[in-house]
Amino acid sequence: MEWLGPEEWAAVGLSLKVAFWAMIVALLPGVLVAYALARWQFAGKQVVNVLVHLPLVLPPVATGYLLLVTFGTQGPIGGMLQQLGIVIAFRWTGAALAAAVMAFPLLVRSIRLSIEAIDPKLEQAAATLGASRVRVFLTVTLPLMLPGILAGMVLAFAKAMGEFGATITFVSNIPGQTRTLPSAIYAFLQVPGGENAAMRLVVVSIVVAAGALILSEVIARRIAKRVGQA
């Protein structure tokens, strides 16, 4: 990888950092929301479902603008955070937040499908044996939904690696701070002679994304096999 320059390496490293934290930030809320949508009946369920999937159909720039007016220093949440000394807009943490929001629907959908594939009779059988709801979830539901969680995490990571529209709108394109792989590719294409650097970063993006998908498939199959043998 010596053919990557310092600026390109910085974009790769920042993208991996942003994608990792976006995946981590979205994981726990994603599991909770997916479980609620798959198993619970409550008022406003359809509204929640629409809100969860809204980033998939909204223009990414619109999502980024909504994040800016909400979490910017003049926004309702961003203003309160600023008083605590926390600034998200135009920081790498803001890029992670934008990527997490854009990846959240894919994470939730993957986990929800895995939960809906679980036979409720298995959970009911455990409950009739005296297990509490928490124990049923930890010993029955969670192991069976692990392949879906893993698949969702990988999809979230890959989506976060490739996120551009919401990120550049919310945190701009600042070298060394918010310039992720997609932003760097865009920046290189705007300057004469930058095509080679852009192509190198495209190759890196393909390798990272393909590697993540292959790894997830291998791990998911092993987990599913172990769960099936349990």
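See the structure printed just above.
In this numbering scheme, every chain counts its residues from 1 along its sequence in written order. With the structure being a predicted model, the display of local features is reserved for residues of pLDDT at least 70 and the display and counting of side-chain atom pairs for 80 or more, all residues being used for whole-chain, interface and lining totals. Side-chain numbers come from the whole structure's heavy atoms, not from hydrogens or water.

What follows concerns the side chain of Glu163. Turning to its location among the elements, Glu163 is positioned in the loop between helix 7 (133-162) and helix 8 (165-171). What qualifies as a polar contact is a pair of N or O atoms within 3.5 Å, subject to a donor-acceptor requirement within protein and to the restriction that residues adjacent in sequence count only when both atoms come from side chains. A distance of 3.2 Å separates a polar side-chain atom of Glu163 from the backbone nitrogen of Gly165. Here, residues are in contact when the closest pair of their heavy atoms is within 4.5 Å. Those residues in contact with Glu163 that lie beyond four places of it in its chain are Pro60, Ala99, Met102, Thr180 and Pro182. In DSSP terms, a helix is any run of H or I states spanning at least four residues, a strand is any run of E spanning at least two, and both are numbered starting from the N terminus.

Here we come to the packing of helix 2 (residues 45-57) against helix 5 (residues 92-116). It is at 7 Å that the axes of helix 2 and helix 5 come closest, and there the two elements cross at 125°. The angle between the axes of helix 2 and helix 5 places the two elements in the oblique class. In this structure, helix 2 crosses over helix 5, and the sense of that crossing is left-handed. Between helix 2 and helix 5, the contacting residues are Asn49, Val52, His53, Pro55 and Leu56 on the first element and Val101, Met102, Phe104, Pro105, Leu106, Val108, Arg109 and Arg112 on the second. Amino acids outside the nonpolar list (Ala, Val, Leu, Ile, Met, Phe, Trp, Tyr, Cys, Pro) and the charged list (Asp, Glu, Lys, Arg) are all regarded as polar, and Gly is one of them. Looking at the contact of helix 2 with helix 5 residue by residue, the classes come out as 9 nonpolar, 2 polar and 2 charged. What counts as an axis is a line fitted to C-alpha atoms, over the stretch in contact for a helix, and the angles between N-to-C directions run from 0 to 180 degrees. In this scheme, roughly parallel covers angles under 35 degrees and roughly antiparallel covers those over 145, while 65 to 115 is roughly perpendicular and the rest are oblique. Should the near helix be turned anticlockwise from the far one by less than a right angle, the crossing is left-handed, and should it be turned clockwise, the crossing is right-handed.

This part is about the pattern of salt bridges. A pair is scored as a salt bridge if a Lys or Arg side-chain nitrogen falls within 4 Å of a carboxyl oxygen belonging to Asp or Glu. Counted under the stated rule, the structure contains 4 salt bridges. Between Glu7 and Arg179 there is a salt bridge; the shortest N-O distance is 2.7 Å. In this pair, Glu7 sits in helix 1 (residues 6-39) while Arg179 sits in the loop between helix 8 and helix 9 (181-189), placing the two residues 172 residues apart along the sequence. Burial classes follow relative accessibility: with a 1.4 Å probe on protein chains only, a residue under 20% of its type's maximum area counts as buried, one over 50% as exposed, and anything between as partly exposed. Residue classification places Glu7 among the partly exposed positions, given a relative accessible area of 38%.

Without other data, these values stay purely geometric and don't point to any function.
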